[in-house]
Amino acid sequence: MARMMVPRFKQSRRLGLNVCGHPKAMKRAVKGTARSDKKLTEYGKQLLEKQRLRAYYGVLEKQFVNLFKEAKKTAGQTGPNLVIFLERRLDNLAYRMGFASSIRQARQMVTHGHLTVNGKKVNIPSYRCDAGDVIELSARGKKVAMFKENFETNFVTSYPYISKEEGFKATLVSIPAREDVPIEIEDQLIVEFYSKNM
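Here the structure is a predicted model, which means the values were calculated and not measured. (Residues numbered from 1 in each chain as written. Predicted model: local features only at pLDDT ≥ 70, side-chain atom pairs only at ≥ 80, totals over all residues. Heavy atoms only, no water.)

## A short note on the packing of aromatic side chains
Next, step 1: For the structure on display, the rule yields eight aromatic pairs.
Next, step 2: Here the aromatic rings of Tyr-43 and Phe-193 are separated by 5.5 Å at their centres, their planes lie at 40 degrees, and the arrangement is tilted. Here Tyr-43 is found in helix H2 (residues 42-57), whereas its partner Phe-193 is found in helix H8 (residues 187-197), with 150 residues between them in sequence.
Next, step 3: We classify Tyr-43 as partly exposed; its relative accessible area is 42%.
Next, step 4: Classification of Phe-193 as buried rests on a relative accessible area of 6%.
Next, step 5: On the basis of an interplanar angle of 80 degrees and a centroid distance of 5.1 Å, the ring pair of Phe-193 and Tyr-194 is categorised as edge-to-face. Each of the two residues, Phe-193 as well as Tyr-194, counts as buried.
Next, step 6: An aromatic cluster of at least three residues, connected via ring pairs, comprises Tyr-43, Phe-64, Phe-68, Phe-193 and Tyr-194.
Next, step 7: The positively charged end of Arg-128 is found above the aromatic ring belonging to Phe-85, 4.0 Å away from the centroid.
Next, step 8: The ring of Phe-151 has Lys-164 sitting right over it, with the charged end atom 4.3 Å from the ring centre. (Phe/Tyr/Trp six-rings, centres within 6.5 Å; stacked < 30°, edge-to-face > 60°. Helix = DSSP H or I, 4+ residues; strand = E, 2+ residues; numbered from the N terminus. Buried < 20%, exposed > 50% of the residue type's maximum accessible area, 1.4 Å probe, protein only. Lys NZ or Arg CZ within 6 Å of the ring centre and 35° of its normal.)

## So, the environment of Leu-137
Next, step 1: When you line up the elements, Leu-137 lands in strand S3 (residues 134-137).
Next, step 2: The exposure class of Leu-137 is buried, given its relative accessible area of 2%.
Next, step 3: For the pair Leu-137 and Lys-148, spaced 11 residues apart in sequence, the C-alpha separation works out to 8.3 Å.
Next, step 4: If we ignore the near neighbours within four places in the chain, the residues touching Leu-137 are Phe-99, Met-109, His-114, Leu-115, Lys-142, Phe-147, Lys-148 and Phe-168. (Contact = heavy atoms within 4.5 Å.)

## Structural notes on the nonpolar core
Next, step 1: Of all hydrophobic cores here, the largest spans 23 residues; its most connected members are Leu-93, Phe-99, Leu-115 and Ile-135.
Next, step 2: Elements with a contribution of two residues or more to this core: helix H5 (90-96), helix H6 (103-111), strand S1 (115-117), S3, helix H7 (145-153) and strand S5 (169-172).
Next, step 3: Here Leu-115 is in contact with Ala-94, Phe-99, Met-109, Val-110, Lys-121, Val-122, Ile-135, Glu-136, Leu-137 and Ser-138, once residues within four sequence places are set aside. (Core = buried A, V, L, I, M, F, W, Y, C linked by side-chain atoms within 4.5 Å.)

## Some details on H2
One full turn of an α-helix is made of 3.6 residues, so residues set three or four places apart face in the same direction.
Next, step 1: In this model, H2 (16 residues) spans 24 Å end to end at C-alpha, consistent with the 22 Å of a helix rising 1.5 Å per residue.
Next, step 2: The set of residues buried in H2 consists of Gly-44, Gln-46, Leu-48, Glu-49, Lys-50, Arg-52, Leu-53, Arg-54, Ala-55, Tyr-56 and Tyr-57.
Next, step 3: Phi turns positive one or two residues past the end of H2, at Gly-58, with a value near 65 degrees. (Expected span 1.5 Å × (residues − 1).)

## Observations regarding the packing of helix H3 (residues 61-73) against H8
Next, step 1: Their axes nearest at 12 Å, the elements H3 and H8 cross at an angle of 95 degrees. It follows from the interaxial angle that H3 and H8 lie roughly perpendicular. Facing H3, whose interface residues are Glu-61, Phe-64, Val-65 and Phe-68, H8 presents Ile-190, Val-191 and Tyr-194.
Next, step 2: Considering only residue class, the contact of H3 with H8 consists of six nonpolar, no polar and one charged. (Axes fitted to C-alpha atoms, helices over the stretch in contact; angles between N-to-C directions. Parallel < 35°, antiparallel > 145°, perpendicular 65-115°, else oblique. Nonpolar A, V, L, I, M, F, W, Y, C, P; charged D, E, K, R; others polar.)

## Considerations on the side chain of Asn-81
Next, step 1: Structurally, Asn-81 can be placed in helix H4 (residues 78-87).
Next, step 2: Sequence-distant contacts of Asn-81, defined by excluding residues within four places in its chain, comprise Ala-71, Thr-74, Ala-75 and Gly-76.

And the structure:
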């Protein structure tokens, strides 16, 4: 399985945005380290936003392009559709729900079969969850103290589309709205980037 394996803090500093969610990621960031510190062309700004969104979710280019094409065909605005598709990925939801301390850890949990969706084991990180889906630690996952501790101690911002429950499980109560997704991205720039380059 192909993965985006680059140094996370270095990537965050280069993109000028904490894309890995670690509190110390931007500690060494100084003026001049980020691409956004330099004067960018319109194309450069669009490319930067695209790279930021990809880095947020740890998605490779080919998969990202396919998602964009699907978002374009779906009713509604392409930019918000793309962000919502990414937000509904199982690895991302596992991170948002507090099962893991990072998206990378959540991705590993999924591939190793530590999570179930509606009682069935799912080991595909890109699996797209629907409203009403219950994500829970599998019987194997409940034997790992770190995962249980993550779920109990991780500070998770309350998202209106997620409901945490007893017994190491959480529910995606509704399809997220774009304004509820906590990422600082101008999705319109990404739409403009692909409309010129596809």
